[in-house]
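# Examining the three-dimensional arrangement
Listed below, chain by chain, are the residues.
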Amino acid sequence: AKELGRNSHAVFSPHIAELQNWRSDLLTALRSGLTENRFRLVYQVQQNANSLAITGVEALLRWSPPRPDLAARPDQFVPLLEQSGLIIEVGGWVLHEACRQAAAWRDQLGERISVAVNISSVQLHAPCFVDRIRSALGESNINPDLLELELTESSLVIEPAKAAATLAEVKALGVQLALDDFGTGYSSLSYLTRFSFDRLKIDQGFVRDIFDDPKDLEIVKAIIAMGHALGLEVVAEGVETVDERDLLEGLGCDSFQGYLVGRPGKPEEISSMLGVGLL
Ligand code: C2E
Ligand code: CA
Ligand code: CA
Ligand code: CA
């Protein structure tokens, strides 16, 4: 075992060291990201199953690296922002920027387009969180129900009582709440009644395998039935094909998000999708 340990050490450590160096360089660069304007938001539309209208978008964070080798996807840089606590500042910027954009669309369009923002648990538990929401709403002057916060179960399990209190405060402002990646956690049912969510987002993993794995189909059916029984709207994520959309629509899904309806795009691209490209 000792020998094996030494060997695996010899084999793997250069890669691990390289990865650690990259992460540490990336984190250093991320630290000046806000002052250097390196963050931006792209938006992915959500389509209502009945009206086929675009009723909302989800804001997704992107990063423009100072050097090509520091290019990173959100699933690579968001964890670093979280571990370092930087997500509190960056997430605050996301909230302000998303609300500003929601106000711009409100002014351009007659209709209502809500904007959903992903909230990490570090952010949710930061003392300034509710103030950040208030100030983002105040500055943009949008109707609070145009803002939706997306939370995952994993961010609720750490300190459920505290999370519930904070979310009740946010809810009282009129902000909408969505439970993201639903079905991947382990204590889903109790979280549905304990927190006052408006929407459930079925994790894209279930949608991906809905035709290939009969169990996933049953899970999706159960999620939709349960969501509706509790008065929640059910959103399917990661919808890529017409067949997937048709099946999900037949099962009673209320709205769709995914490459089929639209890939995440710049605000201008979303505006032209919404028919206000000339403004
Ligand atoms: P998420 O919240 O589950 O976001 C959905 C992800 O699925 C996005 O990846 C989106 O581009 C991708 N996606 C959408 N439609 C499809 C599809 O049809 N097929 C496939 N295969 N993928 C699809 P993205 O933008 O890379 O973000 C990854 C994750 O990073 C997000 O997952 C979220 O957890 C996190 N994230 C992104 N922006 C933020 C942010 O502003 N704050 C925080 N805290 N987390 C963020
Ligand atoms: Ca999300
Ligand atoms: Ca999700
Ligand atoms: Ca498939």
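Residues numbered from 1 in each chain as written. Chains lettered and ligands numbered in written order. Predicted model: local features only at pLDDT ≥ 70, side-chain atom pairs only at ≥ 80, totals over all residues. Heavy atoms only, no water.

In the annotation of an unreviewed UniProt entry, the entry for the protein chain reads Diguanylate cyclase, and the organism field reads Halothiobacillus diazotrophicus.

### Some words on the coordination of the calcium ion (ligand 3)
Put simply, the test is: As a rule, N, O and S atoms within 2.8 Å of a metal are its donors, except that Na, K and Ca use 3.2 Å; water is not among the atoms, so sites may look incomplete. Secondary structure is summarised from DSSP: a helix means a run of H or I of at least four residues, a strand means a run of E of at least two, and numbering begins at the N terminus for each. Exposure classes here rest on a 1.4 Å probe applied to the protein chains alone. A residue is buried below 20% of its type maximum, exposed above 50%, and partly exposed in between.
Taken together, Asp-180 (OD), Asp-181 (OD), Glu-237 (OE) and Glu-237 (OE) make up the full set of protein donors to the calcium ion (ligand 3), lying 2.2 to 2.7 Å away. One chain supplies every donor to the calcium ion (ligand 3), and in sequence these donors are spaced D-D-x55-E. The two metals, the calcium ion (ligand 3) and the calcium ion (ligand 2), are separated by 3.9 Å and share Asp-180 as a common coordinating residue. With Asp-180 in strand 5 (residues 176–182) and Glu-237 in the loop between strand 7 (233–236) and helix 10 (242–250), this residue pair connects regions lying 57 residues apart in the sequence. A single burial state applies to Asp-180 and to Glu-237, both of which are buried.

### A word on the coordination of the calcium ion (ligand 4)
The calcium ion (ligand 4) binds to the protein through Arg-208 (O) and Asp-212 (OD); the donor distances cover 2.6 to 3.0 Å. When its relative accessible area of 52% is taken as the criterion, Arg-208 is described as exposed. A relative accessible area of 60% means that Asp-212 is categorised as exposed.

### Comments concerning the pattern of salt bridges
Condition: Salt bridge, as used here: a side-chain nitrogen of Lys or Arg that lies within 4 Å of a carboxyl oxygen of Asp or Glu.
Here the structure, examined in full by the defined rule, presents 17 salt bridges. We note a salt bridge from Arg-132 to Glu-89, for which the minimum N-O separation is 3.2 Å. Here Arg-132 is found in helix 5 (residues 129–140), whereas its partner Glu-89 is found in helix 3 (residues 87–108), with 43 residues between them in sequence. Here Glu-89 falls in the partly exposed class, since its relative accessible area comes to 42%. Notably, a salt bridge pairs Lys-201 with Glu-150, separated by 2.6 Å at the nearest N-O pair. Of this pair, Lys-201 sits in strand 6 (residues 199–202) while Glu-150 sits in strand 4 (residues 147–152); the two residues are 51 residues apart in sequence, bridging distant segments of the chain.

### A few points about the packing of aromatic side chains
Selection criterion: Any Phe, Tyr or Trp ring, taking Trp's six-membered ring, that has another such ring centre within 6.5 Å forms a pair; planes under 30 degrees apart are called stacked, those over 60 apart edge-to-face, and the others tilted.
In the structure shown here, the tally under the stated rule is four aromatic pairs. Seen from their ring centres, Phe-39 and Phe-77 are 6.4 Å apart, and the 55 degrees between their planes marks the pair as tilted. With a gap of 38 residues between them, Phe-39 in strand 1 (residues 39–48) and Phe-77 in helix 2 (residues 74–84) connect regions that are remote in the sequence. The residues Phe-39 and Phe-77 share a single accessibility class, namely buried. Here Phe-195 and Phe-197 contribute two aromatic rings whose centre-to-centre distance is 6.0 Å and whose plane-to-plane angle is 50 degrees, an arrangement assigned as tilted. An identical accessibility class is assigned to Phe-195 and Phe-197; each is buried.

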